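The residues making up each chain are set out below.
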Amino acid sequence: MSTCTDSNEERNIWNWKSRFVSLICHYSLELSHTMRGSRGFKLKDRCKTTQVHAYNPSSETSTSNPFPFPISKLHFPTINSILQESADSIISLSTAETFLPYGLPRTDSFEPPLELCLKSVDFVESLAELYRKIQMTQDFDKSLVYLEQYALLCSLGDPKLLRRCLRSARQHAVDVHSKVVLSAWLRFERREDELVGSSALDCIGRVVECPNAALLHGYDPNSVFDHCLCSNQISHFGNNFLSSESEEDGVVCFCIGNEEVNCIRGKIAALSAPLKSMLYGNFIESDKQRIDFTHVGISADGMRAVDFFTRTRRLDSCSPNVLLELLSFANRFCCEEMKSACDCYLASLLSDIDEALVLIDYALEERAHLLVASCLQLMLRELPGYLYNPKVLNTFCSSEARERLATVGQASFLLYYFLSQVAIEDNMVSKVTVMLLERLKECANERWQKALALHQLGCVLLERKDYKEAQHCFEMAIEAGNIYSIVGVARTKLKQGQMFLAYELINDIIIKYKPMGWMYQERSLYSLGKQKILDVNEATRLDPTLTFPYKYRAIAMVEDSQIEAAVTEINRIVDFKVSPDCIELRAWCFIALEDYQSAIRDIRALLTLEPNFMMFHGKVRADHLVELLSQHVQPWSPADCWMQLYDRWSFVDDIGSLSVIYQMLINDPGRSVLRFRQSLLLLRLNCQKAAMRSLRLARNHSTSKYEKLVYEGWILYDTGHREEALAKAEESISIQRSFEAFFLKAYALADTTLDSESSSYVIQLLEEALKCPSDGLRKGQALNNLGSIYVDCNKLDLAADCYVSALEIKHTRAHQGLARVYHLKNDRKAAYEEMTKLIDKAQNKASAYEKRSEYCDRDMANNDLSMATQLDPLRTYPYRYRAAVLMDDQRETEAVEELTRAISFKPDLQMLNLRAAFHESMTDFSRALQDCEAALCLDSNHKDTLDLYSRTRIQARQNT
């Protein structure tokens, strides 16, 4: 027995020795890193490794000694002895393993997130049905239909398209509540709350987003185009009006405490039927000249205000407290005119969120509809900042709160749709998100509303690991018509250990409906072995834009120690669709390869997309990992950074450029021009949300008024407000002539069809811009744009000069403009060679292959377009070109199929229009009409599609 005990004790001593040695090694490694760089980074604090065993001392162990054996028996080695042991390979830890404390991801440890939006199994048909619904609905009832359009188009992820839906919904809104919510939603989409110095009631000048216009009931079909009149403050009851009614009814005195207020009996009686009955009916007060109002709940000042209102119909001399008394008095005695007047006037006085938070409960209690709307407007326009304010939560979150809002017509599906989207974006798994989605479900009336609310609630509950409730929500969403919610049911069954049932569910929809990429992607989660790989590959074939299959294949390669091949695989998706999860995976691979420079590049780009990104499954802050990795690469001076930026910009390496700018901003965070450059790169990568954040930061860090106006102008332009952007540019130029102000004005003016006079003016603006100080990166862009305008004006020699000048300052994209000039001069060989130069230089070269195809014969063009599609499947021109060639060869079915394959994952307006034309030529009028309707749902003003739609409808009627 003693021998066994001694053996266990020795084993415990050895375990604790090993743990202590490992701990000291970590500390020594951290010390080394701290001494080598200006910034220390403690690996223990930020990358906590998994411990071999966690010791839980028994109750018999002394609190002063946490070890299960006498401390005197443990030999503590010195740091030097530990380092010597490490050198002797007793402990061997590679640098890459140090930076990957949680290891590389595994294929069995991740899955694609569920999409939160409505997802149709036949998207084109759904678009067509919705367009027909819009056309059949009366204008003043269209607001909710456009909201349905917003919900359907969310799956496309196009911010401009979604803003257009919200503007259309606001344009057709009739009631104050809808106008308030939609104008606040449009403001939220621009994130104006992040602009330093902005106010919740700021207005950009358009009726559809004006907070004052939102408080006016009624339908105005032209509101989307109209400018508001915010400078003319609305004063509903400020007119100097004196009643001309006779005062022959005499005076009645109201006694309130020790004070008396004389009023005209007839005018007080005229306020409401109850007061008339009291003063002229069978009540004893009708015979009295003095009436005691001490316990009525109104002060003497309040009663004087009532008397003043009866004489003048004015309230502008009353204090807010008196107005609240009048509102309560009006409710008590059913004085509808005075209540409406108080309601409107109080609503017009609200100016900030603090006032709204104070008045909201009072307004709800008194059922002051417009005051409630005004309070809600201030709350909504301050989102997301005030989302978790206790008063705001009490106003919206509970069932009782929703019912209170409903009593004054301020609870709706629209309101809770907006609130829930804000909450989901801020924190998907919070209790607040769940509560708001539950209220959304309670407000849902139409089938699509129920499907959306239940599906989103299911997604949130799934993330919260509430699998049974999530499954119930998904099943109800399916009953409401959202087939995609079957994916949610399958996922919950997987989490509950029912993998075979999950497989059967997804297999059934593949059999029942036309197969789509997401179906095979989902089935791959429940497949094994070879079938899993087959499903993942089929998902990519049907929808090459899905990121999960690329990630799965890359991780499988990592598991087989093929890390270089994994990087190549993940590059396939990153080269045309930048997403944080793919960039993170590639950074992981680079760390494993000990290519720390590339890893740093990707993590800095990742932080540009999401500044607070957490790596290693949310366990390590990405910016801290950059600090640690930076100790192993050569540091760059500011001059080095500018040189690196020029090089990466000239090689069209957008992610590399983002990384360099991120490093420059670390050294100079207030440099607004760098934030602006960052936004341009993000827009080029189609990361619009991150681009707008960079623009807002550029504006906030601006030190001069004229510079701030330029960035405000770009924000307006990028959110569809071209005229307002032009006004900002002109105001900036009036303060100081600058490159960016002239460039903004020229760019905004060129965004229309230009006649010769307009073109000359744009040329003049760009020439003025080039005279102002700027760096070569921006001047290269200006020269490129100037060359484009010259080409449109048929001034080819001048255009060529501009492109050559741009190339001299490393604006590589000017090769494309110069190729166009050669082509217009009938020198296709020179044009082809010019595009070849761009292909040789550019890292992102899909567009270059596409453009070069215009300057060669059909076979070479097909090769270039095939390469363009391989590099970027989202480019639509190659599909349209191949389809047109097939149609010319009278291979009609193949032509339609070429477009159909692309439309299944990118329902593009141009491709729908072309396929409709193909169907029309094949006399398949029903499909031609459906494609036209789907295209018009994306853009109801597209002239070519409208003409084709009209022509096809006539032909269809003639053939019936």
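Residues numbered from 1 in each chain as written. Predicted model: local features only at pLDDT ≥ 70, side-chain atom pairs only at ≥ 80, totals over all residues. Heavy atoms only, no water.

Let's talk about the UniProt feature "repeat: TPR" (unreviewed entry) in the protein
Okay, so step 1: What UniProt calls "repeat: TPR" (unreviewed entry) maps, in this numbering, to residues 780–813.
Okay, so step 2: Across residues 780–813 one finds 76% helix and 0% strand; the C-alpha atoms that close the span lie 9 Å apart. (UniProt positions renumbered as here; feature names shortened; annotations may be inferred. Helix = DSSP H or I, 4+ residues; strand = E, 2+ residues; numbered from the N terminus.)

Notes on the sheet that holds strand E2 (residues 259–264)
Okay, so step 1: Strands sit in the order E2-E1-E3 across an open sheet of three strands; the sheet is mixed. Two strands in the sheet have a free side with no partner beyond their single neighbour: E2 and strand E3 (290–292). Averaged over all pairs of adjacent strands, the angle between strand axes in this sheet comes to 30 degrees, irrespective of strand direction.
Okay, so step 2: Bridging between strand E1 (residues 251–256) and E3 involves three bridges; their strand directions are parallel. Residue pairing across strands places Cys 253 opposite Arg 290, the latter belonging to E3. (Pairing = 2+ DSSP bridges. Axes fitted to C-alpha atoms, helices over the stretch in contact; angles between N-to-C directions.)

Regarding the packing of helix H27 (residues 563–574) against helix H28 (residues 580–592)
Okay, so step 1: Taken N-terminus to C-terminus, the directions of H27 and H28 make an angle of 160 degrees; their axes are 10 Å apart at the nearest point. When the axes of H27 and H28 are compared, the pair comes out roughly antiparallel. Crossing geometry of H27 relative to H28 is assigned as left-handed. On H28, the residues that touch Ile 563, Ala 566, Val 567, Ile 570, Asn 571, Ile 573 and Val 574 of H27 are Cys 582, Ile 583, Leu 585, Arg 586, Cys 589, Phe 590 and Ala 592.
Okay, so step 2: Within the contact of H27 with H28, the residues separate by chemical class into twelve nonpolar, one polar and one charged. (Parallel < 35°, antiparallel > 145°, perpendicular 65-115°, else oblique. Left-handed = near helix turned anticlockwise from the far one by under 90°. Contact = heavy atoms within 4.5 Å. Nonpolar A, V, L, I, M, F, W, Y, C, P; charged D, E, K, R; others polar.)

Brief notes about the side chain of Lys 532
Okay, so step 1: Position of Lys 532 relative to the elements: it lies in helix H25 (residues 529–542).
Okay, so step 2: One buried charged residue, Lys 532, remains without a salt bridge, the closest side chain of opposite sign being Asp 535 at 8.1 Å.
Okay, so step 3: Excluding residues within four positions of it along the chain, Lys 532 makes contact with Ser 524, Leu 525, Ser 527 and Tyr 552. (Buried < 20%, exposed > 50% of the residue type's maximum accessible area, 1.4 Å probe, protein only. Lys, Arg positive; Asp, Glu negative; His and termini not counted. Salt bridge = Lys/Arg side-chain N within 4 Å of Asp/Glu carboxyl O.)

What to know about the environment of Leu 130
Okay, so step 1: Along the chain, Leu 130 turns up in helix H5 (residues 123–136).
Okay, so step 2: Taking the C-alpha atoms as reference, Leu 130 lies 7.0 Å from Gln 149; in sequence the two are 19 residues apart.
Okay, so step 3: With near-sequence residues (within four places) excluded, Leu 130 lies in contact with Val 145, Glu 148, Gln 149, Leu 152 and Cys 937.

Some points on the environment of Asp 827
Okay, so step 1: Locating Asp 827 in the fold gives a position in the loop between helix H42 (814–824) and helix H43 (828–841).
Okay, so step 2: Through-space distance from the C-alpha of Asp 827 to that of Tyr 855 is 9.1 Å; in sequence the pair is 28 residues apart.
Okay, so step 3: A polar atom in the side chain of Asp 827 sits 3.2 Å from the backbone nitrogen of Ala 830. (Polar contact = N/O pair within 3.5 Å; in protein donor to acceptor, adjacent residues only side chain to side chain.)

Quick notes on the packing of aromatic side chains
Okay, so step 1: All chains considered together, the criterion is met by 26 aromatic pairs.
Okay, so step 2: Each ring, one from Tyr 484 and one from Trp 518, has its centre 5.0 Å from the other, and the planes form 80 degrees; the classification is edge-to-face. With Tyr 484 in the loop between helix H21 (467–479) and helix H22 (485–495) and Trp 518 in helix H24 (residues 517–524), this pair connects stretches of sequence that are 34 residues apart. Each member of the pair Tyr 484 and Trp 518 is classed as buried.
Okay, so step 3: By the ring-pair criterion, three or more aromatic residues cluster together here, those being Tyr 150, Trp 185, Phe 188, Phe 413, Tyr 417, Phe 418 and Trp 448.
Okay, so step 4: The ring of Trp 649 has Arg 684 lying over it, and the distance from NZ or CZ to the ring centre is 5.1 Å. (Phe/Tyr/Trp six-rings, centres within 6.5 Å; stacked < 30°, edge-to-face > 60°. Lys NZ or Arg CZ within 6 Å of the ring centre and 35° of its normal.)

Notes on the pairing of E2
Okay, so step 1: Sheet analysis places E1 next to E2, joined by six bridges and oriented antiparallel. Of the residues in E2, the one forming a bridge with Cys 255 is Glu 260.

Remarks on the pattern of salt bridges
It is possible for side chains of opposite charge to pair when their charged atoms get near one another.
Okay, so step 1: This structure, assessed with the given rule, holds 55 salt bridges.
Okay, so step 2: In this structure, the salt-bridge partner of Arg 311 is Asp 307, at a minimum N-O distance of 2.9 Å. Of this pair, Arg 311 and Asp 307 both sit in helix H11 (residues 300–312), separated by four residues, roughly a single helical turn.
Okay, so step 3: Salt bridges sharing common partners tie together Glu 111, Arg 491, Lys 495 and Glu 522.

Focus on the state of the cysteines
Okay, so step 1: Under the criterion given, the structure shown has zero disulfides.
Okay, so step 2: Note on Cys 253: no disulfide assigned, nearest cysteine sulfur contributed by Cys 255 at a separation of 4.3 Å. (Disulfide = S-S within 2.5 Å.)

Considering the environment of Ala 347
Okay, so step 1: Along the chain, Ala 347 turns up in helix H13 (residues 336–349).
Okay, so step 2: Taking the C-alpha atoms as reference points, Ala 347 and Leu 370, separated by 23 residues in sequence, lie 6.2 Å from one another.
Okay, so step 3: Not counting residues within four places of it along the chain, the set of residues in contact with Ala 347 comprises Leu 215, Leu 370, Leu 371 and Ser 374.

A short note on the pairing of E1
Okay, so step 1: Counting buried residues in E1 gives five out of six residues, a clear majority hidden from the surface.
Okay, so step 2: Adjacent in sequence and paired antiparallel, E1 and E2 are bridged by two residues, among which Gly 257 carries a positive phi angle near 65 degrees.

Some words on empty space enclosed by the protein
Okay, so step 1: What the rule picks out here adds up to one cavity of 30 Å³ or more.
Okay, so step 2: Each pocket or cavity is described by its volume, and for the largest cavity that value is around 30 Å³.
Okay, so step 3: In this structure, the largest cavity is lined by Leu 387, Val 392, Leu 393, Phe 396, Cys 397, Leu 419, Val 432 and Leu 436.
Okay, so step 4: Put simply, the parts of the chain that give the lining of the largest cavity at least two residues each are helix H16 (390–396) and helix H19 (431–443).
Okay, so step 5: Grouping the constituent residues of the lining of the largest cavity by class yields eight nonpolar, no polar and no charged. (1 Å grid on protein atoms, 1.4 Å probe; cavity = no way out; pocket = protein on both sides within 12 Å on 5 of 7 lines; lining within 4 Å. Points joined across faces, edges and corners; volume = space filled by probe spheres on them.)

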